[in-house]
Amino acid sequence: MNYGIKSILEKKELDSNDIITLLKCDDEQAVFLFNSAANVREKYLGNNVYLRGLIEYSNICGKNCLYCGIRRENRKIRRYTLTKDEVIESALYAYRMNFGSIAIQAGENTSSAFVEEIENLIRIIRRKTDNKLGITLSLGEQDRDVYQRWFDAGAHRYLLRIETSSIDLYRKVHPDDRMHDYYRRLDCLRAIQDIGYQTGTGVMIGLPFQTINNLADDLIFMRDFDIDMCGMGPFIEHSDTPLGLNGTNNLFLRERVGLTLRMIAILRIIMKNINIVASTAMQTVDRTGREKAIMCGANIIMPNLTPARYRDDYKIYAGKPGYAEVDEDNISGLDLGLLPGISIGLGKWGDAAHFAARRSVSSD
Ligand code: SAH
């Protein structure tokens, strides 16, 4: 029996040392950690996993992040933007299939044509689905008034990963220029929250130079920021990026999966009622990585609904599944046989209970 871990898990609030101990726990102790996290999920949120049909709208990106396959300077990919009809068709498919919500993601583009097109798309999708389809955006850093326009058009959740909460590490994995400013990203996240979006952030796990202390700080950052949603996953080298030139090492990749599961479980324990994504990156490294993430406390899946012919061009990292994973008999793409007691929350937005709680406290 692992009394060390057990006594930490019984505490009301975990401090940095507690989190570090949990992150470093061995596989035997981890079983206990994972079970505790799954129990918290069940107690606070029940056993539903909610879906966000992912539409990868465009891979055109103005940024040049040293880890990302769609960075501006990667000339090996064909750049695309979905047509209006393609986006609407994907959204309507999600609606017909009872997904409850979609997430529109793209590279970072601040042109007025892009901003306007997104605004139009949000309005059209809302109208064509009787306001019943939830809309999450993941469109990077924008001016506050752009976030406001998209919110007014009907988007209500925004996912902007801080990537790492450490300023030093942030500077090591991004070019050193005004386009890649940690404080700007943080200001964006604050604006998103202030406008009234359900606010999501997240980090990559296993970045070069990243330490366990950095990861503990990431979790504390999320708690202090009072986020409603989190998406995090293992860093996976992409050979056409500066941080991926030396390829990858399967052993390290597997370690990152174990660490990601610990991060998810600890986050569930310290932020009981937020939404946590079981990421596609987890599935990329481990075929059943998403199922494992759910058993460690995650409750959101983002099945890919991008039209098949564009999938290969949205390769943020190596090995990202390009095949159609959603079929009409199993729209989550999950192996439900591995998820006893879990059901898919069809036709519901699946908002973070945390958001409602945060709103009612702040309006008192
Ligand atoms: N530009 C948008 C969407 C970016 S892609 C935005 O900033 O929100 C979505 C996420 O993929 C990023 O936030 C990043 O955390 C993740 N990502 C990028 N490159 C990666 C890599 N090599 N391995 C794992 N995840 C990566």
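Each chain has its residues counted from 1, following the order in which its sequence is written. Owing to the predicted nature of the model, reporting of local features is limited to residues with pLDDT of at least 70; listing and counting of side-chain atom pairs is limited to 80 or more, with chain, interface and lining totals taken over all residues. Note: side-chain values were computed over all heavy atoms of the structure, leaving out hydrogens and water.

(A) Fine view of unusual backbone geometry. One non-glycine residue, Asn-131, lies in the positive phi region at around 60°. Secondary structure elements are defined from DSSP: runs of H or I of at least 4 residues count as helices, runs of E of at least 2 residues count as strands, and each element is numbered from the N terminus. Residue position: Asn-131 is located in the loop between α5 (112-128) and β3 (134-138). Here the phi dihedral of Glu-163 falls at roughly 75°; this positive angle occurs in a residue that is not glycine. In this fold, Glu-163 is placed in the loop between β4 (157-159) and α7 (167-172).

(B) Region of the structure containing the site of the ligand. Not every one of the 17 residues close to the ligand is listed here, only the nearest: Arg-161, Glu-163, Arg-185, Ile-236 and Ile-316. As used in this structure description, the phrase polar contact means that two N or O atoms lie within 3.5 Å; if the pair is within protein, one of them must be able to donate a hydrogen and the other to accept it, and residues adjacent in sequence are counted only when both atoms belong to side chains. The contact in question runs from an oxygen atom of the ligand to an N or O atom on the side chain of Glu-163, over 2.5 Å. For accessible areas, the Shrake-Rupley method is used with a probe of radius 1.4 Å. Any residue's cover is judged against the shown protein chains and nothing else. Across the complex, the protein chains shield 93% of the 550 Å² of accessible surface that the ligand would expose by itself. Ten residues, namely Ala, Val, Leu, Ile, Met, Phe, Trp, Tyr, Cys and Pro, are considered nonpolar, four, namely Asp, Glu, Lys and Arg, are considered charged, and the remaining ones, Gly among them, are considered polar. For the shell around the ligand, a count of residues per class yields ten nonpolar, three polar and four charged. If even one non-hydrogen atom of a residue comes within 4 Å of a molecule or strand, that residue is called near it.

(C) How the structure looks around the nonpolar core. Counting residues in hydrophobic clusters, the biggest one holds 114 residues, and the most contacted among them are Leu-137, Trp-150, Met-232 and Leu-267. For Leu-267, the residues in contact, after removing those within four places along its chain, are Leu-219, Met-222, Cys-230, Met-232, Ile-274 and Ile-276. We call a set of buried Ala, Val, Leu, Ile, Met, Phe, Trp, Tyr and Cys residues a nonpolar core when their side-chain atoms join them within 4.5 Å. Only protein chains enter the accessibility calculation, which uses a 1.4 Å probe; a residue whose area is less than 20% of its type maximum is buried, one above 50% is exposed, and one in between is partly exposed. Whether two residues are in contact is decided by their heavy atoms, any of which lying within 4.5 Å being enough.

(D) Representation of the packing of α5 against helix α6 (residues 144-153) within the structure. A fitted line through C-alpha atoms serves as each axis, taken over the contacting stretch for helices, and the angle formed by two N-to-C directions is quoted from 0 to 180°. Following both chains from N to C, one finds α5 and α6 inclined at 15°, their axes separated by 8 Å at the closest point. Looking at the two axes, α5 sits roughly parallel to α6. Crossing hand, α5 versus α6: right-handed. Contacts between α5 and α6 involve Phe-114, Val-115, Glu-116, Ile-118, Glu-119, Ile-122, Arg-123 and Arg-126 from the first element and Val-146, Arg-149, Trp-150, Asp-152 and Ala-153 from the second. Tallied by class, the residues present in the contact of α5 with α6 amount to seven nonpolar, no polar and six charged. Note on angle classes: values under 35 degrees are labelled roughly parallel, values over 145 roughly antiparallel, values of 65 to 115 roughly perpendicular, and the remainder oblique. Take the far helix as the reference: if the near one is turned anticlockwise from it by less than a right angle, the crossing is left-handed, and if turned clockwise, right-handed.

(E) Examining the side chain of Thr-201 more closely. Checked against the element boundaries, Thr-201 lands in strand β5 (residues 198-201). A polar contact of 2.8 Å, which involves the side chain of Thr-201, links it to the backbone oxygen of Leu-160. Looking at Thr-201, its side chain comes within polar contact range of the main-chain nitrogen of Ile-162, at 2.9 Å. With residues near it in sequence (within four places) discarded, Thr-201 still touches Leu-159, Leu-160, Arg-161, Ile-162, Leu-189, Phe-221, Met-222, Ile-227, Met-229, Cys-230 and Gly-231.

(F) Just the side chain of Asp-313, in detail. Topologically, Asp-313 is positioned in the loop between β9 (300-301) and β10 (343-344). If sequence neighbours within four positions are ignored, Asp-313 has contacts with Asn-59, Ile-70, Ile-77, Arg-78 and Tyr-80.

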